[in-house]
Amino acid sequence: MPFERVDFRPRCLMKLAQNFFAMERPSQALNELRRCIRLYPDHPLSYQARLNASRILSEQSDFDAAGEYLEFNLYDGTLNPSSPTWRESLYELGKLFYRRGELQFTDAERLKDNWNESNKLQRLQMLEQAHTQFLQGIRRLEEWLKRYPDDERRYDTMYSVGSAYRMASQYP
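Residues numbered from 1 in each chain as written. Predicted model: local features only at pLDDT ≥ 70, side-chain atom pairs only at ≥ 80, totals over all residues. Heavy atoms only, no water.

Some words on the overall build of the chain
The cut-off we apply is this: A run of H or I in DSSP becomes a helix once it reaches four residues, and a run of E becomes a strand once it reaches two; helices and strands are each numbered from the N terminus. Contacts: residue pairs with any heavy atoms within 4.5 Å of one another. To measure how exposed things are, a 1.4 Å probe is used in the Shrake-Rupley method; for residues, cover is taken only from the protein chains shown. When charges are tallied, Lys and Arg are placed among the positive residues and Asp and Glu among the negative ones, while His and the ends of the chain are skipped. By convention, charge coordinates are those of NZ in Lys, CZ in Arg, CG in Asp, or CD in Glu.
Along the backbone of the chain there are 7 helices and 0 strands. C-alpha atoms of the chain, sized along the principal axes, occupy 65 × 35 × 25 Å. In the chain, 56% of the contacts between residues at least 6 apart in sequence involve partners at least 24 apart. As presented, the chain carries roughly 10,100 Å² of accessible surface, and 50% of it is formed by carbon and sulfur atoms. Averaging the locations of the 25 positively and 25 negatively charged side chains of the chain gives two centres separated by 3 Å.

Comments concerning helix α7 (residues 154-168)
Put simply, the rule is: Every helix has an expected span of 1.5 Å times one less than the residues it contains. The cut-offs for exposure are 20% and 50% of the maximum accessible area for each residue type, with area from a 1.4 Å probe on protein chains only; residues under the lower value are buried, those over the upper are exposed, and the others partly exposed. What the arc measures is the spread of directions leading from the helix axis to the C-beta atoms.
Its 15 residues give α7 an end-to-end C-alpha distance of 21 Å, which sits within 8% of 21 Å, the value for a rise of 1.5 Å per residue. Of all the residues in α7, the buried ones are Thr157, Ser160, Val161, Ser163, Ala164, Met167 and Ala168. Buried residues of α7, viewed axially, fall in a sector of 165°; they line one side. The exposed residues of α7 that point more than 90 degrees off its buried face are Tyr155, Tyr159 and Arg166.

Observations regarding the pattern of salt bridges
To keep it simple, the criterion reads: Basic side-chain nitrogens of Lys or Arg form a salt bridge, by our definition, when they fall within 4 Å of a carboxyl oxygen of Asp or Glu.
Using the criterion set out here, one finds 12 salt bridges in the structure. A salt bridge links Arg35 to Glu32, with the shortest nitrogen-to-oxygen separation between them at 3.2 Å. Note that Arg35 and Glu32 are positioned in helix α2 (residues 26-39) at a spacing of 3 residues, about one turn of the helix. We note a salt bridge from Glu71 to Arg140, for which the minimum N-O separation is 3.8 Å. Of this pair, Glu71 sits in helix α4 (residues 63-76) while Arg140 sits in helix α6 (residues 117-147), placing them 69 residues apart in sequence. Because the salt bridges share partners, they merge into one network encompassing Arg55, Arg87, Glu88, Glu92, Asp151 and Arg153.

Points about the environment of Met167
Tracing the chain through its elements places Met167 in helix α7. C-alpha separation for the pair Met167 and Thr106, spaced 61 residues apart in sequence, amounts to 9.8 Å. In this structure, Met167 is in contact with Tyr98, Glu102, Phe105 and Phe134, ignoring residues within four places of it in sequence.

Concerning the packing of α6 against α7
Quick reminder of the rule: What counts as an axis is a line fitted to C-alpha atoms, over the stretch in contact for a helix, and the angles between N-to-C directions run from 0 to 180 degrees. These descriptions rest on fixed angle ranges, namely under 35 degrees for roughly parallel, over 145 for roughly antiparallel, 65 to 115 for roughly perpendicular, and the rest for oblique. The hand of a helix crossing depends on one turn: near helix anticlockwise from the far one by less than a right angle means left-handed, and clockwise means right-handed. Under the scheme applied, nonpolar residues are Ala, Val, Leu, Ile, Met, Phe, Trp, Tyr, Cys and Pro; charged residues are Asp, Glu, Lys and Arg; polar residues are all the others, including Gly.
Look at α6 against α7: their axes get within 9 Å of each other, and the N-to-C directions meet at 155°. When the interaxial angle is binned, α6 and α7 end up roughly antiparallel. Relative to α7, α6 is oriented so that their crossing is left-handed. Between α6, through His131, Phe134, Ile138, Leu141, Glu142, Trp144 and Leu145, and α7, the contact on the second element is made entirely by Arg154, Thr157, Met158, Ser160, Val161, Ala164, Tyr165, Met167 and Ala168. Partitioned by chemical class, the residues of the contact of α6 with α7 number 11 nonpolar, 3 polar and 2 charged.

Remember that the coordinates give geometry; whether it matters functionally is a separate question.
Structure below.
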């Protein structure tokens, strides 16, 4: 890669990351994506690199880091809502909050099976955290539905929003 023209290097890093991911080596793919973001923060491919990195981090349950990449794409960069990467970032952020809330909700439900007084407060705190995550996810996914009503994922997204409302309602 040192012999490539400078303007081709971000593309090379993205392709390298895609190859690592295809070979089921997500850690190495993530390293290349982070390298692209770090070395070429203003290049248009850095937004796609953030989106791909957030997907890998989400799969690794590193929701905070994944969310940071997505929020940068949405609110700190030069992307606008007509960009496919912006659209995907909004969708992924909504789904990320939904998954996070779902995991917290499931953990709270497990405590319900071993019900005692000490678990009661812990379960209530977990439900509150899940409720907050669901509301964040609902807000993002509903915005996505309003902006992109013709997307083929709309029915799945509407189901996720309904499911998030149902689970969020468990918080007293």
